[in-house]
Each structure stands twice: as structure tokens, then as C-alpha cells.
Amino acid sequence: MAASTGAANAAGSDLQGPASAGSSMEAPPIQYSMILEHLVGDKRPVKDLSPGVMGGLPVPAKSDEQKMIERGMESCAFKSVLACVGGFVLGGAFGIFTAGIDTNVGFDPKDPLKTPSAREVLKDMGQRGMSYAKNFAIVGAMFSCSECIIESHRGVSDWKNAVYSGCVTGGAIGFRAGLKAGVLGCGGFAAFSAAIEYYLR
């Protein structure tokens, strides 16, 4: 009886031995932290988010000529020239408009009773339009150039760039009439630029 019991125990130990050895040789359980590292952590693979992969139209790579043109259009010189041309056109239109509603256009100060001819009226309107166009062009070029330089120096694109450039432009224009006029011009242009930026943004 004792011999049979010992044989049964020996057989049971032999059966449990390979099972326990096999369980110890199994791989350790996968931890959730390892999975999260591959999903949202540093080990997450970077996917290509190009429009072609996402279902949109594929965008071809930019050539060197296109990159050069983009750099030229983003330069301060191009922005200043564009603002100068735009200011010239806008100033000319504004000058002609103001001359058109002015009842004293074409009248000779030496002979105010003389009725001006159409040629004299058009000449006076052209002169006023050209004067306004030059002033607007100078102001636009100065403002755009100073804003671009300030933005490049600060490295930030916000409303302060317009305020600083407005102060520089107004101060430079008013400084020709004296220090007081320069300070007033700086403050006036800065306040106007701040109001425009607040309205646009």
C-alpha cells in the first residue's frame, strides 16, 4: 500500500515537473506601458501625412526656382515696392476724388472771377492727384519696409510690429518740421496703426 502511494506521488511529481518548466520558459506578459510607448510615446512610428496618402491631391515638390521666387516675394524689398506702387495708385485716386469735389479747382487766385476752362480743371486735378500719389507712395514704402525689418528682427508677427513701424514712419515724416512734430507724428501714426490692427485682427 505504501509502495503504491509512493509510486503515485512520483508519477504526479514527474507530470508537474515538465509543466512547471514549460510555464517558466514562457515569455513574460506584455505590459501596457510598452504598448503605450509604441502608440503615443517616443517609439511611435512617424506616418507620412502628405495629401496623397490622406486621400487628397498629391503636391509635387517645389523646385529651386519656385523657392527662390517665394524668398524674393517674402523679402522686405519686394514688400516695400509693392506698398509703394499700391500707395501711389491709391493716393492718385484719392487726390483726383478730392479734387473732383473741390469747388475751387482750376480757379486762378489772382483772378478769382475768371471761369476756369476744362483744361485748367483737368490740369489742377492731375497735379493734385500726382501730389497725393507721391505722398501715399512714400508713406506706404516707409511703413512696409520698417514693419518688415522690425518683424525680422523680433522674429514675431503680431500687432506690435505695426505700432512700432507706424511710430517710425510718423516720426520720420514729422521730424522734418521739428522735434515736437516728430513726437506727435510718431504717436499719431502708432495709434492709427494700433486701431487698424485691432480692427483687422
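Definitions and limits used
- Residues numbered from 1 in each chain as written.
- Predicted model: local features only at pLDDT ≥ 70, side-chain atom pairs only at ≥ 80, totals over all residues.
- Heavy atoms only, no water.
- Helix = DSSP H or I, 4+ residues; strand = E, 2+ residues; numbered from the N terminus.
- Polar contact = N/O pair within 3.5 Å; in protein donor to acceptor, adjacent residues only side chain to side chain.
- UniProt positions renumbered as here; feature names shortened; annotations may be inferred.
- Disulfide = S-S within 2.5 Å.

Participant: Honestly, the side chain of Ser146 in this entry has me stumped. Any pointers?
Facilitator: When you line up the elements, Ser146 lands in helix H5 (residues 118-154). Reaching out from Ser146, the side chain makes a polar contact with the backbone oxygen of Met142 at a distance of 2.8 Å. A polar side-chain atom of Ser146 sits 3.0 Å from the main-chain carbonyl oxygen of Phe143.

Participant: When you look at the UniProt feature "transmembrane region" (unreviewed entry) in the protein in this model, what are you seeing that I'm missing?
Facilitator: UniProt's entry tags residues 76-101 and 181-200 with the feature "transmembrane region" (unreviewed entry), counted in the numbering of this structure. End C-alpha atoms of residues 76-101 are separated by 37 Å, and the span's content is 100% helix alongside 0% strand. The straight-line gap between the two end C-alpha atoms of residues 181-200 is 28 Å; of that span, 100% is helix and 0% is strand.

Participant: When you look at the state of the cysteines in this model, what are you seeing that I'm missing?
Facilitator: Counted by the stated rule, this structure contains 2 disulfides. A sulfur-sulfur distance of 2.0 Å marks the disulfide that ties Cys76 to Cys148. Its S-S torsion of approximately -80° makes the covalent link between Cys76 and Cys148 left-handed. Residue Cys76 is found in helix H4 (residues 76-101), and its partner Cys148 is found in helix H5; the two are separated by 72 residues along the sequence.

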